[in-house]
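Each chain is listed here by its residues.
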Amino acid sequence: MPSTIRIRFRRWPAAAAALALSSLLQAQTAAQGGLYIAGDGFSFRQAADRGLAQNPGGQRFFVLLLPPETAAALRSANPAQARLRERVQAGNGQLLVCRRDLDRARIATEALADGVAAVRGFAPAGSPQLPHGERYFPDEDPARLPASNEALRRLRSTCS
């Protein structure tokens, strides 16, 4: 067998493995649903209902709550908001609030309901807070945030 054919056969398993890994990562990202923002013209009910309707079968999705819609993210939420919050979480939705709203004392961290996560905006240019090449801040749980670069970028932009 000529040496060029042997080289091609040796490279094939590595290429196949790389293609499989790439497909798996794309499938994981595609398996996540969208980002729905409550506030700025949309109520928590509208964002939650849309997220639940567009992500059937337990597909993971994200609902960002901005003031004044953040009341639903609190332990003290009224019963209707608490039920809707629980429906979103049961439907594999992740509820998020902006860290800036916690930092500005618009929301008390200890008042957040279980399962609600805070997301940071973009770090100021040149800041060492978000290490170069990293997608997440050291105190963030990547499992609670979107795998999609586009959705994460929208989150960070909204929370900046």
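Our structure's up above, just so we're on the same page.
So, here's what we can say about the structure. (Residues numbered from 1 in each chain as written. Predicted model: local features only at pLDDT ≥ 70, side-chain atom pairs only at ≥ 80, totals over all residues. Heavy atoms only, no water.)

Right, let's get into the sheet that holds strand β2 (residues 61–65). The parallel open sheet is built from 4 strands, whose spatial order is β1-β2-β3-β4. Edge positions in the sheet fall to β1 (35–38) and β4 (117–119), since each has one partner strand and no second. Averaged over all pairs of adjacent strands, the angle between strand axes in this sheet comes to 35°, irrespective of strand direction. Its contacts with the sheet put helix α2 (residues 44–54) on β1, β2 and β3 (93–98), and the angle it makes with β1 is roughly 165°. Packing of helix α3 (residues 79–90) onto the sheet brings it into contact with β2 and β3, and relative to β3 it is tilted by some 120°. (Pairing = 2+ DSSP bridges. Helix = DSSP H or I, 4+ residues; strand = E, 2+ residues; numbered from the N terminus. Axes fitted to C-alpha atoms, helices over the stretch in contact; angles between N-to-C directions. Contact = heavy atoms within 4.5 Å.)

Another aspect to go through is unusual backbone geometry. In this chain, P67 is followed by P68 through a cis amide linkage whose omega measures 5°. Mapped onto the elements of the fold, P68 is located in the loop between β2 and α3. One non-glycine residue, N92, lies in the positive phi region at around 75°. If you trace the backbone, N92 turns up in the loop between α3 and β3. Taking relative accessible area as the criterion, N92 reaches 29% and is therefore assigned partly exposed. (Buried < 20%, exposed > 50% of the residue type's maximum accessible area, 1.4 Å probe, protein only.)

Let us look at the packing of aromatic side chains. Inspection of the entire model under this criterion finds 1 aromatic pair. Ring centres of Y36 and F61 lie 6.1 Å apart, and the angle between their planes is 80°; this geometry places the pair in the edge-to-face category. You can see Y36 sitting in strand β1 and its partner F61 sitting in strand β2, a full 25 residues away along the chain. Per residue, the accessibility class of Y36 equals that of F61, and both read buried. (Phe/Tyr/Trp six-rings, centres within 6.5 Å; stacked < 30°, edge-to-face > 60°.)

Another point: the pairing of β1. Residues L35 and I37 point to one face of β1 and Y36 and A38 to the other, with burial holding for every one of them. Here β1 runs beside β2; their pairing, made up of 4 bridges, is parallel. Of the residues in β2, the one forming a bridge with A38 is L65. Where the polypeptide runs from β1 across α2 and back to β2, its parallel neighbour, the crossover connection is right-handed. (Right-handed = clockwise from strand over helix to strand, strands pointing away.)

In this structure, A48 sits in helix α2. A sequence separation of 47 residues divides A48 from L95, and the C-alpha atoms of the two residues are 9.5 Å apart. Discounting residues that sit within four places of it in the chain, A48 has contacts with L84 and V88.

Relative to the elements of secondary structure, Q46 occurs in helix α2. Counting along the chain gives 10 residues from Q46 to Y36, while the straight-line C-alpha distance between them is 9.0 Å.

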